[in-house]
Amino acid sequence: YMAQHETNEAPMVYTYIESLLCLIFVLELGLRLSVFRWRFFVKSGWQWNLFDCFVVGMQVFEQIMTSGFAGSSQFVNNFSVARIMRLLRLV
């Protein structure tokens, strides 16, 4: 959307959808952790579980950073750590 419309601001509906999906993934990860407990990190496929924790953690970090600095949009736009985390999440 932002590339087609040459803007730095995404519509609010996209922001709400991103926040909703983040909440869903956090709830899913929390449920899996509550079911498997410590076995979550040692059972078959533990590498994928660790990867899921990493990806969800980065998404939560990005949500906190963008919502925490919503008043200073110039700071958020130039916040290189958030951009690097977003790139790492895509990889």
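Quick caveat: nothing in here was measured; it's all calculated off a predicted structure.

Time to look at the overall build of the chain. The helix and strand tally for the chain stands at five helices and zero strands. When the elements of the chain are put in sequence order from the N terminus, they spell out α-α-α-α-α. Burial statistics for the chain: of 91 residues in total, 15% are counted as buried. Residue pairs in contact within the chain that sit at least 24 positions apart in sequence constitute 44% of those at least 6 positions apart. For the chain, the accessible area works out to roughly 7,100 Å², and carbon and sulfur atoms hold 68% of it.

Quick look at a nonpolar patch on the surface now. Taken together, the side chains of Tyr1, Val13, Tyr14, Ile17, Leu20, Leu21, Leu23, Ile24, Phe25 and Leu27 make up a nonpolar region of the molecular surface, amounting to roughly 950 Å² of accessible area. Its location among the elements puts Leu27 in helix H2 (residues 12–36).

Across its 25 residues, H2 extends 36 Å between first and last C-alpha, which sits within 8% of the 36 Å expected from 1.5 Å per residue. Residues of H2 that are buried: Cys22, Leu29 and Arg32. Just downstream of H2 lies Arg37, where phi reads positive at about 55 degrees.

Let's shift gears to unusual backbone geometry. If you check the backbone angles, Arg37 has positive phi at about 55 degrees while not being a glycine. Turning to its location among the elements, Arg37 is positioned in the loop between H2 and helix H3 (46–68). Assessed through its relative accessible area of 58%, Arg37 is described here as exposed.

What follows covers the packing of aromatic side chains. Taken as a whole, this structure holds two aromatic pairs when the rule is applied. The interplanar angle of 90 degrees and the centroid separation of 5.0 Å between the aromatic rings of Phe40 and Phe41 together place this pair among those described as edge-to-face. Residue class for Phe40 comes out buried when judged on its relative accessible area of 0%. Look at Phe41 and you get partly exposed, because its relative accessible area is 38%. Measuring from ring centre to ring centre gives 6.1 Å for Trp48 and Phe51, while their planes differ by 85 degrees; the resulting arrangement is edge-to-face.

For the chain, the mean per-residue pLDDT works out to 81, and 73% of the residues sit at or above 70. Helix H4 (residues 73–77) is the least confidently modelled element of the chain, averaging 54 in pLDDT, while H2 averages 93, the highest of any element.

Before going further, it helps to examine the pattern of salt bridges. Scanning the model with the defined rule gives two salt bridges in all. Among the salt bridges present, the one from Arg32 reaches Glu28, with a minimum N-O distance of 3.2 Å. Of this pair, Arg32 and Glu28 both sit in helix H2, separated by four residues, roughly a single helical turn. Owing to a relative accessible area of 36%, Glu28 belongs among the partly exposed residues under this scheme. For the salt bridge of Arg32 with Asp52, the shortest nitrogen-to-oxygen distance reads 3.1 Å.

Cut-offs used in this document
- Residues numbered from 1 in each chain as written.
- Predicted model: local features only at pLDDT ≥ 70, side-chain atom pairs only at ≥ 80, totals over all residues.
- Heavy atoms only, no water.
- Helix = DSSP H or I, 4+ residues; strand = E, 2+ residues; numbered from the N terminus.
- Buried < 20%, exposed > 50% of the residue type's maximum accessible area, 1.4 Å probe, protein only.
- Contact = heavy atoms within 4.5 Å.
- Areas by Shrake-Rupley, 256 points an atom, 1.4 Å probe, with all protein chains shown as cover.
- Patch = residues over 30% accessible without salt bridge, like charges linked within 9 Å, V, L, I, M, F, W, Y side chains within 5 Å.
- Salt bridge = Lys/Arg side-chain N within 4 Å of Asp/Glu carboxyl O.
- Expected span 1.5 Å × (residues − 1).
- Phe/Tyr/Trp six-rings, centres within 6.5 Å; stacked < 30°, edge-to-face > 60°.
- pLDDT = per-residue confidence, 0-100.

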